[in-house]
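Results of the structural survey
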Amino acid sequence: MIKEALFWEKLEGKRGQCHLCAHECRIPESKFGVCGVRQNVQGVLYTMAYAQVIAANIDPIEKKPLYHFLPGSISYSVATIGCNFKCGFCQNWQISQASVRDGDAVSGRQMMPEQIVAEAKKNNCLSISYTYTEPTIFFEYAYDTARLARKAGLYNVFVTNGYMTGQALETIKPYLDAANVDLKSFRDDFYKKLCKARLQPVLDTIAAMNKLGIWLEVTTLVVPGENDSDEELGQIAEFLARIDHNIPWHISQFHPDYEFNNHIVTPIETLKRAREIGKRAGLRYVYLGNVQEGTNTNCHQCHELIVERRYMGLNKPNLKNGRCPSCGAKISGVWS
Ligand code: SF4
């Protein structure tokens, strides 16, 4: 279904400018923005995929990945089609790169926000995750759902590329409890060439989310030959450590897909090297992703095992009031 968009202004000649993400598209009448799901119809900007759910699953919160946010809980996870990035290495490209503009059907099923919240409650989820594609571009749907979810006692989670504007972030902030932001590279030319976007807005979002008190974890998909140099991994880790050394950093293994079918899988040695780089930069919690090791949480001070994770399953956190039971160090996160 279609719904008038938030965050847009009229320009001359029936054009409209969208202020939802950092592309700030200026859209002539009948045309779409970069994301392919927001259209100017007779001078008014609409979201064309409102409540049109392309994916809905009950996932462990660890799958987002969030490791320091309600571990062991399940999250009702939803997406519509579309994305404002064009990453050739996208692992969800079948739904993220679908667009109304290109004539792709807005398939899936219609689920109004009330239904999403009811399904989450019925299935004993503690949170709703807006994920798989890019929640920014289905902001109106996520926002309406998140407000209802909050009233129903549920938490809200964004899994995002971090390209939303400050205005959009301020609007969702009262209802947004946690986020995992992709920091795909520390090079603007990487973002321009491979994602058709820019680096700085992503850095700004990460800093802003931390400042606003949204629980934040960051993921970097390490693509061999593209973003796996010591220098670049070090720049990412140092940037995060400067903001807050308690931000968990997930270093994920890439698998060949979409336009990157000829690339190799990220070697485990690369991920381990990245973990060392992260630790040297001062990050307290660095995890390996898409592999079955390097997923446990240890106390940063005495190395006591705090959360043991087996692939998407775990033991209960070994914590006393959010502190290490052995040495008493505070372990950052949202634990209950
Ligand atoms: S959400 Fe971003 S990409 Fe889509 S129309 Fe708005 S500014 Fe453009």
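Keep in mind it's a predicted model, so treat the numbers as computed, not measured.

Focus on the pattern of salt bridges
On inspection of all chains with the given rule, the structure shows 13 salt bridges. Notably, a salt bridge pairs Asp144 with Lys3, separated by 2.9 Å at the nearest N-O pair. Of this pair, Asp144 sits in helix 3 (residues 139-151) while Lys3 sits in strand 1 (residues 3-4), placing them 141 residues apart in sequence. With a relative accessible area of 33%, Lys3 lands in the partly exposed category. Where Asp182 meets Lys184, a salt bridge forms, and the shortest distance between an N and an O atom there is 3.2 Å. The partly exposed category is assigned to Asp182, whose relative accessible area is 24%. The exposure class assigned to Lys184 is buried, which follows from its relative accessible area of 12%. Connected via shared salt-bridge partners are Lys3, Asp144 and Arg147.

Quick word on the domain arrangement of the protein chain
When its domains are assigned, the protein chain resolves into domain 1 (3-47) and domain 2 (52-295). With 19 residues of domain 1 at the interface, the matching set in domain 2 holds 24 residues. In this assembly, domain 1 packs against domain 2 so that about 1700 Å² is buried in total across both faces, 63% of it on carbon and sulfur atoms. A per-residue breakdown of the area domain 1 buries against domain 2 is headed by Phe7, Leu20 and Ala22, which together make up 29% of the total. At the junction of domain 1 and domain 2, the tally comes to two salt bridges. Across the pair Arg38 and Glu140 runs a salt bridge whose closest N-O atoms are separated by 2.6 Å. For the pair domain 1 and domain 2, the interface holds 10 residue pairs in polar contact (both at pLDDT 80 or more). A breakdown of the residues in the side of domain 1 that touches domain 2 according to their chemical character gives 10 nonpolar, five polar and four charged.

Details of the sheet that holds strand 9 (residues 74-79)
Read across the sheet, eight strands follow the order 8-9-11-12-13-14-15-16 without closing on themselves; strand pairing throughout is mixed. Two strands close off the open sheet at either side, each with one partner strand: strand 8 (55-60) and strand 16 (286-289). Put simply, the sheet's adjacent strands are angled 20° from each other on average, direction ignored. Pairing geometry for strand 11 (residues 127-130) and strand 12 (residues 155-160), over four bridges, is parallel. Of the residues in strand 12, the one forming a bridge with Ser129 is Val157. Docked against the sheet, helix 2 (residues 113-122) engages strand 9 and strand 11, running at close to 155° with respect to strand 9.

Some remarks on the sheet that holds strand 5 (residues 38-41)
Ordered in space as 1-6-5, the three strands form an open sheet in which the pairing is antiparallel. The open sheet is flanked by strand 1 and strand 5, the only strands paired with a single partner. Bridge count between strand 1 and strand 6 (residues 44-47): two bridges; the pairing is antiparallel. Within strand 6, the residue paired with Glu4 across the bridge is Tyr46.

Thresholds applied
Residues numbered from 1 in each chain as written. Predicted model: local features only at pLDDT ≥ 70, side-chain atom pairs only at ≥ 80, totals over all residues. Heavy atoms only, no water. Salt bridge = Lys/Arg side-chain N within 4 Å of Asp/Glu carboxyl O. Helix = DSSP H or I, 4+ residues; strand = E, 2+ residues; numbered from the N terminus. Buried < 20%, exposed > 50% of the residue type's maximum accessible area, 1.4 Å probe, protein only. Domains from an automatic or database assignment. Contact = heavy atoms within 4.5 Å. Buried area = accessible area lost by both parts, 1.4 Å probe. Polar contact = N/O pair within 3.5 Å; in protein donor to acceptor, adjacent residues only side chain to side chain. Nonpolar A, V, L, I, M, F, W, Y, C, P; charged D, E, K, R; others polar. Pairing = 2+ DSSP bridges. Axes fitted to C-alpha atoms, helices over the stretch in contact; angles between N-to-C directions.

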